[in-house]
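Understanding the architecture of this molecule
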Amino acid sequence: RFVGKNGACNVAHKNIREQGRFLQDVFTTLVDLKWPHTLLIFTMSFLCSWLLFGMVWWLIAFAHGDLDHSTRLQRDPGEGAAGAPTGFVPCVTSIHSFTSAFLFSIEVQVTIGFGGRMVTEECPAAILVLIVQNIVGLVINAIMLGCIFMKTSQAHRRAETLIFSKHAVIALREGKLCFMLRVGDLRKSMIISATIRMQVVKKTASLEGEVMPLNQIDIQMENPVGGNSIFLVSPLIIYHVIDKNSPLYDISPLNLHHHEDLEIIVILEGVVETTGITTQARTSYLADEILWGQRFVPIVAEEDGRYSVDYSKFGNTVKVPTPSCTARQLEEDKSIMDTMPLSPKGTIRKRSVKLKPKFTIS
């Protein structure tokens, strides 16, 4: 199976030699990682930056001699009547060890500011490190918060509420064999500019003997509004007319078994109305997941002036008279249709509307 029922592609990438290409797009790589790995990188990025700048602050204090004189303040009694401190001034106050330097690094980067430690104007290098650490902290915050936001708002999350029927069906519609499936949206927010397309994936061989294990063939889809665009307010039955240009032209009920090398992939794309992000929902149907001679039951009804959708019958089908032959045989022998019993047509209830005059003429 090339594409699973949930839309996951059954493809394993092996022996990738140019691993460095993933590092050229670090942001996408972080977004594609699993949540445990992302949270681990999120935590380690902050811890490593705090430790790195904690070491830098400790080295500055050690080089300036703050570790020897930070616990006492030398005063020169000959300077100033008030005895103002005129002796040793540390680069950062209250730094006694690496632990205090690490705590000061955290306070600087996350702008806590407890007030016990601060940078003085004694060391220009300390002021430069303060500026650099603030910039680095802002960059890390922007990247990691952006990564978390993108992971929580990924497009495939919206695709979880775009559903396809478990089985596809082949039956007559307007006198022609058609491949049909049903698609629906469980949310009230719409998918804007929704389009749907379908591909047949099968193993083929060219005239020159080249074997293509996953040959993808596009086939034309039809829907109630025409073209590939759909207005997905209520569940729709999307169908493909099996004609001479269709790769299903020679498919019969005898081919619909699990040994048949046939897979039909359906792809629904559109823009999420609430976020503006493009989403894509996928599914596939194997040969044994295609029901011959059946059609979907109606699930849309009118109740109290509104249209009601019964999703409990979303994938239900009923048997209908369908010739057990290929579309090619049906097109070549028109007499087959004469032997087919007609299925009962559904009745359409018409609403009677009583018009009231907007004005009267006296």
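Residues numbered from 1 in each chain as written. Predicted model: local features only at pLDDT ≥ 70, side-chain atom pairs only at ≥ 80, totals over all residues. Heavy atoms only, no water.

In this structure the tally under the stated criterion is six aromatic pairs. With centroids separated by 5.2 Å and ring planes inclined at 65 degrees, the aromatic side chains of Phe-42 and Phe-46 adopt a geometry described as edge-to-face. Here Phe-42 pairs with Phe-46, and both are found in helix H3 (residues 35–64), just four residues apart, close to one helical turn. Here Phe-46 falls in the buried class, since its relative accessible area comes to 12%. Here the aromatic rings of Trp-57 and Phe-104 are separated by 4.9 Å at their centres, their planes lie at 80 degrees, and the arrangement is edge-to-face. One end of the pair, Trp-57, is in helix H3; the other, Phe-104, is in helix H5 (residues 98–109), and 47 residues separate them in sequence. Residue classification places Trp-57 among the buried residues on the basis of a relative accessible area of 1%. In textbook terms, an aromatic cluster arises when at least three aromatic residues are bridged by ring pairs, as seen for Phe-42, Phe-46 and Trp-50. Above the face of the Trp-35 ring, Lys-151 is positioned so that its terminal group lies 5.1 Å from the ring centre. Stacked on the ring of Tyr-239, the Lys or Arg Arg-173 has its end atom at 4.6 Å from the ring centre. (Phe/Tyr/Trp six-rings, centres within 6.5 Å; stacked < 30°, edge-to-face > 60°. Helix = DSSP H or I, 4+ residues; strand = E, 2+ residues; numbered from the N terminus. Buried < 20%, exposed > 50% of the residue type's maximum accessible area, 1.4 Å probe, protein only. Lys NZ or Arg CZ within 6 Å of the ring centre and 35° of its normal.)

Now for the pairing of strand S5 (residues 211–219). Summarising the sheet, strand S4 (residues 191–205) and S5 pair through seven bridges and their orientation is antiparallel. Paired with Val-201 across the bridge in S5 is Gln-216. If you look at the hairpin formed by S4 and S5, you'll find five residues sitting between the two strands, and Gly-209 has a positive phi there, around 95 degrees. (Pairing = 2+ DSSP bridges.)

On to the pattern of salt bridges, then. Per the stated rule, a full pass over the model turns up four salt bridges. The partner of Glu-289 in a salt bridge is Arg-1, and the shortest N-O contact between them spans 2.7 Å. With Glu-289 in the loop between strand S9 (278–286) and strand S10 (290–292) and Arg-1 in the segment before helix H1 (20–23), the pair connects residues that are 288 residues apart, well separated along the chain. In this structure Glu-289 comes out as buried when scored by relative accessible area, which is 15%. A salt bridge links Glu-289 to Lys-5; the nearest nitrogen and oxygen atoms lie 3.7 Å apart. Within this pair, whereas Glu-289 is found in the loop between S9 and S10, its partner Lys-5 is found in the segment before H1, the two being separated by 284 residues in sequence. Counted as one network, the salt bridges with shared partners bring together Arg-1, Lys-5 and Glu-289. (Salt bridge = Lys/Arg side-chain N within 4 Å of Asp/Glu carboxyl O.)

Judged by side-chain charge, Asp-243, Glu-331, Glu-332 and Asp-333 come together as a negatively charged surface patch. For Glu-331, the location among the structural elements is in helix H8 (residues 327–332). (Patch = residues over 30% accessible without salt bridge, like charges linked within 9 Å, V, L, I, M, F, W, Y side chains within 5 Å. Areas by Shrake-Rupley, 256 points an atom, 1.4 Å probe, with all protein chains shown as cover. Lys, Arg positive; Asp, Glu negative; His and termini not counted. Charge placed at Lys NZ, Arg CZ, Asp CG, Glu CD.)

Per-chain confidence: the protein chain averages 81 in pLDDT, with 86% of residues scoring 70 or above. For residues 75–84, every residue scores under 50 in pLDDT, and the model assigns this stretch six contacts once sequence neighbours within four places are set aside. Taken together, the stretch residues 346–362 has pLDDT below 50 and engages in three contacts with residues farther than four places along the chain or on a different chain. (pLDDT = per-residue confidence, 0-100. Contact = heavy atoms within 4.5 Å.)

Right, let's talk about the state of the cysteines for a bit. This structure, assessed with the given rule, holds one disulfide. Between the sulfur atoms of Cys-91 and its disulfide partner Cys-123 the distance amounts to 1.6 Å. Looking along the S-S bond of the Cys-91-Cys-123 disulfide, the torsion reads about -55 degrees, which is the left-handed sense. Here Cys-91, found in the loop between helix H4 (66–69) and H5, pairs with Cys-123, found in the loop between H5 and helix H6 (124–152); they are 32 residues apart in sequence, far enough to count as distant. Residues Cys-91 and Cys-123 agree in their burial class; the two are buried. (Disulfide = S-S within 2.5 Å.)

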